[in-house]
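Understanding the architecture of this molecule
Residue strings, one per chain:
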Amino acid sequence: MNAVREVAMSPSGSVATQLVALTAGALLVTSVLLVWRRDLSAQVRLLMLQGVALAALATTIGLSGGPGTSRAELLLVAVLVLALRGWLLPWVLGRRLRAGIEAGDAAREDGPRLNPTAGLVLVALLTTVAYLVSRPISEGVAEHAGAPSPAGTAGPAAFAVPVGIAMVLIGFLLLVGRRRAMSQLVGFLVLDNGIATVAFLTAAGVPFAVELGISSDVLLVVLILAVLSRRIHAQVGSTTLDSMTELRD
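Residues numbered from 1 in each chain as written. Predicted model: local features only at pLDDT ≥ 70, side-chain atom pairs only at ≥ 80, totals over all residues. Heavy atoms only, no water.

**Some thoughts on helix α3 (residues 40-63)**
The terminal C-alpha atoms of α3 lie 35 Å apart, and with 24 residues this matches the ideal 34 Å at 1.5 Å per residue to within 8%. Measuring from the backbone nitrogen of S41 back to the side-chain oxygen at the start of α3 gives 3.3 Å, which picks out D39 as the cap. (Helix = DSSP H or I, 4+ residues; strand = E, 2+ residues; numbered from the N terminus. Expected span 1.5 Å × (residues − 1). Polar contact = N/O pair within 3.5 Å; in protein donor to acceptor, adjacent residues only side chain to side chain.)

Written out as structure tokens, the structure reads:
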């Protein structure tokens, strides 16, 4: 117990806490901006920044030497997250978006179910719910680290768990509140990034084989949906849900 407290009070522990707070803040801010922005190109850029922030979070946890997974493996996971979520997935979405714009598709999310003000109010409510719901999880992380409370010396990960849950809820909000297939795909990726964030924070990292399998599945889903949205646009002339609900046999 004393050893854990000494590590948490040490300068390195303080730096790790600040880095986790910085990366978690970047993840939450990009999620909020994705609800606010309507320009699809801006959404893809924000998703890229979110992937970079997630890779930075994995790097911080790896350098802090969290238990359960070796430091080298965590750093390898961080490289994988940066390559896939910070570059490849946004590149696929950006390429599909440019092709859609050239084919006459809109470059903005027009006619969303929620206006920006209502969306931001819901984001605030969902973030509050995330902090309330995640309290038992944070306490469990704190007890696993050997500290009496999540706000005390539980390590840098315990206090940031609500951010991951808030990202999951915001991802669901984007899925429900957007009409275009591209925007909903962005919401799906935000949801997946939130799940990955919770996994990194609660389990002190994810094994490389697990992250590789999950990332491969996510990449496959994105590629399939990108191709499907292109085919739908070619047949219907739009990728909004309203136009697709009007289809009949």
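After that view of the structure, there is still more to cover.
**Let's talk about the packing of helix α7 (residues 161-177) against helix α8 (residues 181-202)**
In a packed pair of helices, the relevant descriptors are the angle between the two axes and the axis-to-axis distance. Orientation of α7 relative to α8, taken along the N-to-C sense of each, is 165°, at an axis distance of 7 Å. When the interaxial angle is binned, α7 and α8 end up roughly antiparallel. Once α7 is placed against α8, the crossing between them reads as left-handed. Contacts from V161, G164, I165, M167, V168, G171, F172, L174 and L175 in α7 reach Q184, G187, F188, V190, L191, N193, G194, I195, T197, V198, L201 and T202 in α8. Considering only residue class, the contact of α7 with α8 consists of 13 nonpolar, eight polar and no charged. (Axes fitted to C-alpha atoms, helices over the stretch in contact; angles between N-to-C directions. Parallel < 35°, antiparallel > 145°, perpendicular 65-115°, else oblique. Left-handed = near helix turned anticlockwise from the far one by under 90°. Contact = heavy atoms within 4.5 Å. Nonpolar A, V, L, I, M, F, W, Y, C, P; charged D, E, K, R; others polar.)

**Considerations on the environment of A118**
Residue position: A118 is located in helix α5 (residues 116-133). It is 10.0 Å that separates the C-alpha atoms of A118 and V35, two residues lying 83 residues apart in sequence.

**Describing the environment of V218**
With respect to the element layout, V218 can be found in helix α9 (residues 208-236). A C-alpha to C-alpha distance of 8.2 Å links V218 and L189, two positions 29 residues apart in sequence. Dropping the residues within four chain positions of it, V218 is found in contact with L89, F188, L189 and D192.

**Here's the deal with the packing of aromatic side chains**
Considering all chains together, one arrives at one aromatic pair under this definition. Geometrically, the ring pair formed by W87 and W91 is stacked, given 6.2 Å between the ring centres and 20° between the ring planes. Of the two residues, W87 and W91 are both situated in helix α4 (residues 71-102); the distance of four residues between them amounts to about one turn of the helix. (Phe/Tyr/Trp six-rings, centres within 6.5 Å; stacked < 30°, edge-to-face > 60°.)

**Some details on the packing of α5 against α7**
The N-to-C vectors of α5 and α7 enclose an angle of 140°; their axes lie 8 Å apart at closest approach. Classified by the interaxial angle, the pair formed by α5 and α7 is oblique. At the point where α5 passes α7, the crossing takes the right-handed sense. Mapping the contact onto sequence places G119, L122, V123, L126, T127, V129, A130 and Y131 in α5 and P162, V163, I165, A166, L169, I170 and L173 in α7.

**Focus on the side chain of T60**
In this structure, T60 sits in helix α3. Separated by 2.9 Å, the side chain of T60 and the backbone oxygen of A56 make a polar contact.

**As for a nonpolar patch on the surface**
Together, V29, L33, W36 and L120 line one region of the surface with nonpolar side chains, adding up to about 330 Å² of accessible area. With three residues, helix α2 (residues 11-36) is the single largest residue contributor to the nonpolar patch. Along the chain, L120 turns up in helix α5. (Patch = residues over 30% accessible without salt bridge, like charges linked within 9 Å, V, L, I, M, F, W, Y side chains within 5 Å. Areas by Shrake-Rupley, 256 points an atom, 1.4 Å probe, with all protein chains shown as cover. Salt bridge = Lys/Arg side-chain N within 4 Å of Asp/Glu carboxyl O.)

**Observations concerning the nonpolar core**
Residues L93, F200 and V222 are the most contacted members of the largest nonpolar core, which totals 48 residues. Those elements that place two or more of their residues in this core are α2, α3, α4, α5, α7, α8 and α9. The dominant element in this core, judged by the number of residues it contributes, is α3, at 10 residues. (Core = buried A, V, L, I, M, F, W, Y, C linked by side-chain atoms within 4.5 Å. Buried < 20%, exposed > 50% of the residue type's maximum accessible area, 1.4 Å probe, protein only.)

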